[in-house]
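Summary of the model geometry
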Amino acid sequence: MKITIIGSGYVGLTTGACFAEVGHHVLCVDNNEAKVQSLLDGQIPIYEPGLEALVRKNVSAKRLMFTSSTEEGVEHGEVLFIAVPTPPQPDGSVDLSFMEKVAREIAQFLDSYRVVVDKSTVPVKTGERVANTIRRYAKPGVEFDVVSNPEFLREGCAVADLMKPDRIVIGGNSDRALALMQKVYEPFVAPVLVTDINSAELIKHAANSFLALKISYANALSEICEAAGADVLKVVEGIGMDKRIGAHFLNAGLGYGGSCFPKDIAAFIAISEQLGVPFHLLKEVETINHRQLTRFVDLIREALWVLQEKKIAVWGLAFKPHTDDVRSSVAIGLVEKLVEEGADVTAFDPKAMEKTRQLPIGSKITLAESALEAARDAEALIIATEWPEFASIDLQQLREVMRTPLIFDGRNLIDPAAAAAYGFQYRGIGRGTSAMLEPMNSP
Ligand SMILES: NC(=O)c1ccc[n+]([C@@H]2O[C@H](COP(=O)([O-])OP(=O)(O)OC[C@H]3O[C@@H](n4cnc5c(N)ncnc54)[C@H](O)[C@@H]3O)[C@@H](O)[C@H]2O)c1
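The following refers to the structure shown. Within any chain, residue numbers begin from 1 and follow the written order of that chain's sequence. In keeping with the model being predicted, local features are shown solely for residues with a pLDDT of at least 70 and side-chain atom pairs are shown and tallied solely at 80 or more, while totals for entire chains, interfaces and linings include all residues. In computing side-chain properties, one takes all heavy atoms of the structure into account and sets aside hydrogens as well as water.

**Overview of the site of the ligand**
Stated formally: The nearness test applies per residue and asks whether one of its heavy atoms lies within 4 Å of the molecule or strand. In protein, a polar contact means a hydrogen-donor-capable atom and an acceptor-capable atom, both N or O and within 3.5 Å, with residues adjacent in sequence counting only if both atoms are side-chain atoms; elsewhere, any N or O pair within 3.5 Å suffices. Surface accessibility follows the Shrake-Rupley procedure with a 1.4 Å probe radius. Residue values consider only the protein chains on display as shielding. By the criteria applied, helices consist of DSSP H or I runs no shorter than four residues and strands consist of E runs no shorter than two, each listed in order from the N terminus. The residue classification treats Ala, Val, Leu, Ile, Met, Phe, Trp, Tyr, Cys and Pro as nonpolar and Asp, Glu, Lys and Arg as charged. All others, Gly included, are polar.
The environment of the ligand is formed by 27 residues, the closest being Asp 30, Lys 35, Thr 86, Glu 155 and Lys 263. Residue Asp 30 places a side-chain N or O atom 2.6 Å away from an oxygen atom belonging to the ligand. Side-chain polar atom of Lys 263 to an oxygen atom of the ligand: 2.6 Å apart, as the coordinates give it. Taking 840 Å² as the accessible area of the ligand by itself, protein coverage stands at 92%. Breaking the shell around the ligand down by element, the ones donating at least two residues are helix 1 (10-21) and helix 5 (97-109). Per element, the largest residue contribution to the shell around the ligand is three residues, and it comes from helix 5. Split into classes, the residues belonging to the shell around the ligand amount to ten nonpolar, nine polar and eight charged.

This is how it looks when you write it as structure tokens:
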């Protein structure tokens, strides 16, 4: 099948590569000419495990192509996927100007029937708006349908998620469009849920909000565990073993970040208010999330007293492990707060160094070559992203390079008893008495 993806970022490029992998002929469009040029030159502008090999393989097989021309894209694909940004506005509602612009561009070049798919995460009723916009700007009588097909991939394992999704949600009201969408997804082995457009759009916001709620639940528990002298790791293990609850996303830490959760939860709150049914529960989810970072900075300040001129190492800058994405990363937010207070920050992330360098904060910190180099002479180490390599660090070596042995573990990655055994003072999240473990004699 011939498929076009408009917007070739984390979602569009990965989706395009996976569609090509199952045999479709995919043209990825992006209006960022530099991005398209680097793709044409064989460079992959983002890090996603397995993506580079998949892109190379399918480009060689001539099933995956790139262009900056929307006109070529509209001509190429029977199905046109829109995967452009839907960023937040200051009031939390979604900036839909990218969607509106693409709808107008598609309309301009539409000559024969196409299915236009909203793959971007959008507020309920956006499909109707996209259809109205295309109708308004397209030549009279030209046929098209709009379908909602929200994306549930997780950065860091996006290829695997796309190749083997938990479910495929297709929202549409035209049999012709739904038949084409079934054809798109025929090669994928996954349950398909067909709904109306509004329900499909709501599913995405409702799903992300529920996951954020689970994270905030664990974080609220972490505060209670600290006050009660209990260990949040054991508490969430105990509740997660209940199949009705499940262990996923029940991790206490610095809170959720990234390009999706914060904006999607804010958007769902704004949507619910516009609909006249404010979703108060989600406001509390947000409040808990923000408090988690504030509490952590308070903990650091309490231990170090003054941050000014303190040499602090930060491990992790990406918003989660296995990605280079630093958009709305809590780790970056934390580094910004430390720098604001005058700390001298040296940071390391296995994949997100380049993306951090491009941020304003990038020029205000030192970026180290390795985790141990970041920790050299540091008066405190903060773990901000749960990369597995940080969990398996040699604590003896770490102890030797640091000036003062103090670990603030924002992701509960290190065993407090092991840290204490190597002479570290350790502060975790919600670890009750163990969060306050004092060092024992070094082994
Ligand atoms: N990143 C995720 O994990 C994820 C997961 C599920 C859903 N989503 C949703 O998918 C959408 C895209 O997210 P992303 O992370 O891929 O964003 P992104 O910023 O990585 O990619 C978007 C791309 O669209 C391009 N673009 C913007 N306007 C364009 C236009 N008029 N024509 C052609 N290209 C255009 C940009 O240059 C950019 O390359 C968002 O709505 C997001 O909420 C993201």
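**Remarks on the side chain of Lys 204**
Here is the rule we go by: Partly exposed describes any residue whose relative accessible area lies between the buried limit of under 20% and the exposed limit of over 50%, with all areas from a 1.4 Å probe on protein chains only and scaled to the type maximum. Counting rule applied: Lys, Arg positive; Asp, Glu negative; His and chain ends not counted. We count a salt bridge whenever a side-chain nitrogen from Lys or Arg sits within 4 Å of a carboxyl oxygen from Asp or Glu. Contact criterion: two residues are considered in contact whenever any of their non-hydrogen atoms come within 4.5 Å of each other.
The topology assignment puts Lys 204 in helix 9 (residues 197-228). Buried within the structure, Lys 204 lacks any salt-bridge partner; its nearest side chain of opposite charge belongs to Asp 264, at an N-O separation of 4.9 Å. Apart from the residues within four sequence positions on either side, Lys 204 is in contact with Thr 121, Pro 150, Glu 151, Phe 152 and Asp 264.

**Concerning the environment of Asn 149**
Residue position: Asn 149 is located in the loop between strand 6 (144-148) and helix 7 (158-163). The buried category is assigned to Asn 149, whose relative accessible area is 1%. Remark: the alpha-carbon pair of Asn 149 and Asp 298, spanning 149 residues in sequence, is separated by 42 Å. When residues no more than four places from it in sequence are discounted, the contact partners of Asn 149 are Phe 81, Val 117, Asp 118, Lys 119, Ile 168, Val 169, Ile 170, Met 181 and Tyr 185. A distance of 2.9 Å separates a polar atom in the side chain of Asn 149 from the backbone oxygen of Val 169.

**Topic: the sheet that holds strand 14 (residues 425-427)**
Heads up, the condition is: In this description, strands pair whenever DSSP reports at least two bridges between them. Only the contacting stretch of a helix is used when fitting its axis, a line to C-alpha atoms as for every element, and angles between N-to-C directions run 0 to 180 degrees.
The strand order across the open sheet built from six strands is 11-10-9-12-13-14, with neighbouring strands paired in parallel fashion. The open sheet is flanked by strand 11 (366-367) and strand 14, the only strands paired with a single partner. Two elements, strand 10 (residues 344-348) and strand 11, share two bridges in a ladder whose sense is parallel. Each residue of the ladder has a partner; that of Thr 346, found in strand 11, is Thr 366. Together, strand 9 (311-315), strand 12 (380-383), strand 13 (406-409) and strand 14 form the strand contacts of helix 12 (residues 280-304), whose direction differs from that of strand 13 by roughly 170°.

**Digging into unusual backbone geometry**
Positive phi, normally seen in glycine, also occurs at Lys 125, with a value near 85°. Along the chain, Lys 125 turns up in the loop between strand 5 (114-118) and helix 6 (126-137). Residue classification places Lys 125 among the partly exposed positions, given a relative accessible area of 36%. Unusually for a residue other than glycine, Trp 305 sits at a positive phi of about 70°. Counting through the fold element by element, Trp 305 comes out in the loop between helix 12 and strand 9. Since its relative accessible area comes to 74%, Trp 305 is described here as exposed.

**Here we look at the pattern of salt bridges**
Once their charged atoms are close, side chains differing in charge can pair, the charge on each being opposite to the other. All chains considered together, the criterion is met by 25 salt bridges. Among the ionic pairs, Glu 373 bridges to Arg 376, the shortest N-O distance being 3.0 Å. Salt bridges here are not isolated pairs; linked through shared partners, they connect Glu 223, Glu 226, Arg 291 and Arg 295.

**Some thoughts on helix 8 (residues 175-185)**
Counted only if it meets this: The directions considered for the arc are those from the helix axis to the C-beta atoms.
Those residues of helix 8 not exposed but buried are Ala 177, Leu 178, Leu 180, Met 181, Val 184 and Tyr 185. Buried residues of helix 8 fall within an arc of 160° about the axis and therefore sit on the same side.

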